[in-house]
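# Coordinate inspection notes
In case you want the letters, here they are:
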Amino acid sequence: MFKRNILITGGAGFIGSHVVRLLVNRYPEYRIINLDKLTYAGNLENLKDVENASNYIFVRADICDFEHILEVFRKYNVDGVIHLAAESHVDRSIRDPFTFAKTNVLGTLSLLQAAKICWEGNYANKKFYHISTDEVYGALPFDGSLFSETTKYDPHSPYSASKASSDHFVRAFHDTYGLPTVVTNCSNNYGPYQFPEKLIPLFINNIRHGRPLPVYGKGENVRDWLYVEDHAKAIDLIFHQGKINETYNIGGFNEWKNIDLIRVIIRTVDRFLGNPAGTSEKLITYVTDRAGHDLRYAIDSSKLKNELGWEPSVQFEQGIELTVKWYLDNQDWLDNITSGEYENYYRKMYGRE
Ligand code: NAD
Ligand code: TYD
């Protein structure tokens with residue numbers, strides 16, 4: 001008999017795998033149900049170290065499949081949800097907006113509806129925690145201003161529009177049905193197990209192979225980077241102590257212009273590979289800018305610090321060293337993904353379409 005039954009969606013992805021690992025190890029008294037469709041971004045290799053834990057279960061399901069979700073809620077008596085499953089890459093959303101609307105909006109709605117049906121009349125000790133992004137707030141100028149929890153939504157990409165829509169549905173379920181919800185909006189994450197289509201793992205991998213580093217536009221866009229384990233710890237804290245119907249911003253107070261960040265990555269990878277400093281600078285290749293490319297994101301996470309005492313614990317210099325080292329030490333993980341080998345493996349194992 002477990003004290004709680006927590007459904008984590010998207011647990012086979014980048015951030016989700018860190019959240020699953022943290023909760024499985026920290027709370028043996030909880031049953032952690034990892035529900036994931038295993039899209040191209042989902043990889044059970046990310047969870048090899050916890051897959052045999054007695055408080056861990058993996059369920060392969062699509063969050064858009066409402067009947068299946070309802071069945072999982074009932075079968076496992078789910079009393080808490082940490083919802084991370086999503087399509088998460090802006091460039092893909094530009095090419096294929098429908099998939100983003102379907103998964104991020106309708107998938108979230110299907111989870112909300114299942115929670116409402118199963119919890120209605122007994123909302124005590126229940127929580128529906130929705131993980132969102134700072135990208136819903138739009139773009140900031142270079143004037144030192146920050147996104148706060150009250151910044152008006154102004155999404156520009158199909159990805160951020162779909163996340164914004166899902167956030168509105170979550171809040172609507174609180175206001176309309178009293179569902180106990182909480183939403184967090186986090187800045188860019190980095191660290192181990194991130195799919196190598198995102199800037200940092202893509203560039204580490206390209207430097208290792210001597211391939212071009214495609215810098216969008218002039219490389220002047222700014223992002224606020226947070227080490228993924230710090231995000232996972234914030235999620236744990238907010239799941240347990242966050243107030244119902246609140247929003248918390250999560251960020252690193254760690255803004256970097258893309259081109260400056262790229263130079264740090266180049267320096268670090270060259271050093272680890274034993275190359276003379278500056279060797280890989282020649283790989284920098286300026287390419288056509290991303291359509292609708294937001295200029296700057298930066299989060300004010302002082303509410304989370306003042307109310308719940310959270311602060312990032314990993315400094316950027318340390319985080320980037322850990323990250324570069326991890327990707328260089330885990331070349332098989334990268335190679336399996338980039339060669340399509342793991343896609344074939346899971347197609348065979350789980351009949352992925
Ligand atoms: P990811 O792309 O690495 O992982 C997404 C996971 O969701 C994968 O395991 C995938 O298989 C699963 N998934 C996708 N569609 C699904 C479906 N229909 N049904 C079930 N599972 C499905 O994403 P990530 O970077 O780990 O992001 C996780 C969450 O955090 C997302 O909601 C994202 O919007 C949010 N977020 C990410 C960042 C970031 O920097 N990566 C920052 C802030 C917020
Ligand atoms: P990304 O990792 O895709 O995250 P997001 O778009 O969600 O912030 O990109 C981070 C920044 O790096 C963003 O400003 C776009 C830029 N970028 C490049 O310049 N080249 C690339 O190949 C990629 C993937 C991103």
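Quick note: structure is the one above.
Notes on the structure in this doc start here. Keep in mind it's a predicted model, so treat the numbers as computed, not measured.

## Describing the site of ligand 1
Neighbouring ligand 1 are 28 residues; Ile-15, Asp-36, Ser-88, Tyr-159 and Lys-163 lie closest to it. Residue Asp-62 places a side-chain N or O atom 2.9 Å away from a nitrogen atom belonging to ligand 1. Lys-163 has a polar side-chain atom sitting 2.7 Å from an oxygen atom of ligand 1. Its free accessible area being 840 Å², ligand 1 has 97% of it covered by the protein chains. When residues of the shell around ligand 1 are traced back to their parent elements, those giving at least two are helix H1 (14-26), strand E5 (127-133), helix H5 (158-177) and strand E7 (188-190). If one sorts the elements of the shell around ligand 1 by residue count, E5 sits on top with 3 residues. Taken together, the residues of the shell around ligand 1 sort by class into 13 nonpolar, 11 polar and 4 charged.

## A look at the site of ligand 2
Around ligand 2 there are 17 residues in total, and Glu-135, Pro-214, Arg-223, Arg-290 and His-293 lie nearest to it. Take Asn-188: an N or O atom from its side chain is 2.9 Å from an oxygen atom of ligand 2. One of the backbone nitrogen or oxygen atoms of Pro-214 is found 2.7 Å away from a nitrogen atom of ligand 2. Within the complex, the protein chains bury 96% of what would otherwise be the 510 Å² of accessible surface of ligand 2. Contributions of two or more residues to the shell around ligand 2 are made by helix H6 (199-209) and strand E8 (213-216).

## Examining the pairing of strand E6 (residues 181-186)
Most of E6 sits out of view: 6 of its 6 residues are buried. The alternating pattern of E6 places Thr-181, Val-183 and Asn-185 on one face and Val-182, Thr-184 and Cys-186 on the opposite face, and all of these are buried. With H5 bridging E5 and its parallel neighbour E6, the resulting β-α-β unit is right-handed. Pairing analysis gives 4 bridges linking E6 to strand E10 (residues 247-250), with the strands arranged parallel. By the bridge assignment, Val-183 is partnered in E10 with Thr-247.

## Notes on the state of the cysteines
Overall, the coordinates contain 0 disulfides when judged by the stated rule. As a non-bridged cysteine, Cys-118 has Cys-64 as the owner of its nearest cysteine sulfur, 18 Å distant. Overall, Cys-118 belongs to the partly exposed group, its relative accessible area being 28%.

## Points about the sheet that holds strand E11 (residues 255-257)
Ordered in space as E7-E9-E11, the 3 strands form an open sheet in which the pairing is mixed. Lying at the two open borders of the sheet, with one neighbouring strand each, are E7 and E11. When strand polarity is set aside, the average angle formed by the axes of neighbouring strands in this sheet is 50°. The sheet contact formed by E7 and strand E9 (residues 222-227) spans 3 bridges and is parallel. Along E9, the bridge assignment pairs Tyr-190 with Tyr-227. The sheet contacts of helix H7 (residues 228-241) involve E7 and E9, and relative to E9 the element is tilted by about 70°. Against the sheet, helix H8 (residues 258-273) makes contact with E9 and E11, and its axis sits at roughly 90° relative to E11, the strand it touches most.

## A few points about unusual backbone geometry
Its identity is not glycine, yet Tyr-193 carries a phi of approximately 70°, on the positive side. Inspection of the secondary structure assignment puts Tyr-193 in the loop between E7 and H6. In this structure, Asn-245 is a non-glycine residue whose phi angle is positive, near 65°. Structurally, Asn-245 can be placed in the loop between H7 and E10. Note on Asn-245: relative accessible area 36%, which makes it partly exposed.

## Regarding the nonpolar core
Membership of the largest hydrophobic core comes to 34 residues, with the highest contact counts inside it found for Ile-200, Ile-204 and Ile-265. Where this core is concerned, the elements lending two or more residues are H6, E8, E9, H8, helix H10 (316-329) and helix H11 (331-338). Broken down by element, the residue count for this core peaks at 7 residues, all from H8. In this structure Ile-265 touches Ile-200, Ile-204, Ile-207 and Ile-320, once residues within four positions along its chain are discounted. Core analysis: the second largest hydrophobic core is formed by 31 residues, Val-20, Tyr-27, Tyr-129 and Leu-304 among them.

## Points about the sheet that holds strand E1 (residues 4-9)
Spatial strand order, E3-E2-E1-E4-E5-E6-E10: 7 strands in an open sheet with parallel pairing. At either margin of the open sheet sits one strand with a lone partner, and together these are strand E3 (56-60) and E10. Pairwise comparison of adjacent strand axes, ignoring direction, gives a mean angle of 20° for this sheet. Where E5 lies against E6, 6 bridges are found, and the strand directions are parallel. Its bridge partner lying in E6, His-130 is registered against Val-183. In the packing of helix H2 (residues 66-76) onto the sheet, contacts are made with E1, strand E2 (30-36), E3 and strand E4 (80-83), and the angle to E3 comes to roughly 160°.

Reading the values: the criteria
Residues numbered from 1 in each chain as written. Chains lettered and ligands numbered in written order. Predicted model: local features only at pLDDT ≥ 70, side-chain atom pairs only at ≥ 80, totals over all residues. Heavy atoms only, no water. Near = heavy atom within 4 Å. Polar contact = N/O pair within 3.5 Å; in protein donor to acceptor, adjacent residues only side chain to side chain. Areas by Shrake-Rupley, 256 points an atom, 1.4 Å probe, with all protein chains shown as cover. Helix = DSSP H or I, 4+ residues; strand = E, 2+ residues; numbered from the N terminus. Nonpolar A, V, L, I, M, F, W, Y, C, P; charged D, E, K, R; others polar. Buried < 20%, exposed > 50% of the residue type's maximum accessible area, 1.4 Å probe, protein only. Right-handed = clockwise from strand over helix to strand, strands pointing away. Pairing = 2+ DSSP bridges. Disulfide = S-S within 2.5 Å. Axes fitted to C-alpha atoms, helices over the stretch in contact; angles between N-to-C directions. Contact = heavy atoms within 4.5 Å. Core = buried A, V, L, I, M, F, W, Y, C linked by side-chain atoms within 4.5 Å.

No statement about biological role is implied by the geometric values presented.
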